[in-house]
Amino acid sequence: MSDTKEMKVIEKQAVALPAEQTKPGPVFTPNVDIFETEKAITLLVDMPGVKANELNVDLRDDTLTLTGDVLPNVGAPGEKIYAEYETGRFYRQFSLSEVIVQEKIDAKLSDGVLRLTLPKVEKATPRRIAVQAG
Amino acid sequence: MIYRTLFGAPSRHFGSSFADVEGMRRQMERLFETYGDRPLARAGAGVFPAVNITEDADAYYVSAELPGVNSADLDLNITANQMTLAGERKILEEAADARYHRREREAGRFSRAVALPGEIDPDNVKARMVDGVLTVTIAKAEKAKPRQIAVQ
């Protein structure tokens, strides 16, 4: 990964939800990194402006749902005179193929980035069986 | 689901034509906002980070979404009529055996100059980083503040 790359503006992706919203306002897809190790699946989700109590992580059956609300105009009072980005709710859903140990799920939110660790069930960790010649 | 895994673009749900129309309407609105009289500049100069500016009687507020950027990696400078914001977003290396399924978050350097819309007091600037959102509060110059005039 080259660290000296210039960053570009990527417009936030607005989503259309399957059901209509009760609250008005746009809904965005947060950017995620997902990686897997032998023990766990980890998600890193960019959710700028979301407070921990406005963040909802829901795992039901195999579906993981992430929802985060951004309160409008926090820290920036007054009238809008120039705008390049919009704020709104973040929403994203994943379907998990691995079996997760629900009790050990760990979620941390710092500087607008959620780190979600989903430990895999022991059985799912690969076991190498040595084949003996005989 | 197949669509998601293949193309990694999970932003669209098919099958809800009403929602599609809603999205289209919003995009049209955006288009008109850009060319209408509302001062909205979509994606601005195309320079990261995108900024929003608000004002009240005493100050301008410049905000930018910088999730995961350490405040130590930010360099903020202010002159009489311009603010420059430079920095670097770092994404740490994970465990060596990590296999990535998705990599959408970007890292890299950025540098942006923002022209301020009015006269400011460069000695009275505050910056705060909360939940990945940077807000810079820039006090207006005394003479640029609105003054109430009593009508006799």
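Residues numbered from 1 in each chain as written. Chains lettered and ligands numbered in written order. Predicted model: local features only at pLDDT ≥ 70, side-chain atom pairs only at ≥ 80, totals over all residues. Heavy atoms only, no water.

## Quick notes on the interface of chain A and chain B
Contacts between the two partners involve 58 residues from chain A, matched on the other side by 65 residues from chain B. Carbon and sulfur atoms supply 51% of the area buried between chain A and chain B, which totals about 5,800 Å² over both sides. By the criterion of area lost to chain B, the three top residues of chain A are A:Met7, A:Glu84 and A:Tyr85, representing 14% of everything that side buries. At the junction of chain A and chain B, the tally comes to 9 salt bridges. There are 24 residue pairs in polar contact (both at pLDDT 80 or more) connecting chain A and chain B. Of all the elements in the fold, those that place two or more residues in the side of chain A that touches chain B are strand S1 (13-14), strand S3 (32-36), strand S4 (40-46), strand S5 (50-60), strand S7 (79-83), strand S8 (89-95) and strand S10 (113-119) of chain A. (Contact = heavy atoms within 4.5 Å. Buried area = accessible area lost by both parts, 1.4 Å probe. Salt bridge = Lys/Arg side-chain N within 4 Å of Asp/Glu carboxyl O. Polar contact = N/O pair within 3.5 Å; in protein donor to acceptor, adjacent residues only side chain to side chain. Helix = DSSP H or I, 4+ residues; strand = E, 2+ residues; numbered from the N terminus.)

## So, the sheet that holds strand S6 (residues 108-115) of chain B
Residues and elements named next belong to chain B. Spatially, S3-S4-S6 is the arrangement adopted by the 3 strands of the open sheet, whose pairing is antiparallel. A strand with exactly one partner marks an edge of an open sheet, and here the two such strands are strand S3 (74-78) and S6. On average, adjacent strands in this sheet sit at an angle of 10° to one another, irrespective of strand direction. Where S3 lies against strand S4 (residues 82-89), 5 bridges are found, and the strand directions are antiparallel. (Pairing = 2+ DSSP bridges. Axes fitted to C-alpha atoms, helices over the stretch in contact; angles between N-to-C directions.)

## Quick look at the nonpolar core
A:Leu43, A:Leu64, A:Leu66 and A:Leu118 are the most contacted members of the largest nonpolar core, which has 20 residues in total. Counting only elements with at least two residues in this core, the list comes to S3, S4, S5, strand S6 (63-70), S8 and S10 of chain A. Aside from chain neighbours lying at most four places away, what touches A:Leu66 is A:Leu43, A:Val45, A:Met47, A:Asn56, A:Val57, A:Phe90, A:Tyr91, A:Arg92, A:Phe94, A:Leu114 and A:Leu116. B:Ala64, B:Leu66, B:Val69 and B:Leu116 belong to the second-largest nonpolar core, a separate cluster that totals 19 residues. (Core = buried A, V, L, I, M, F, W, Y, C linked by side-chain atoms within 4.5 Å. Buried < 20%, exposed > 50% of the residue type's maximum accessible area, 1.4 Å probe, protein only.)

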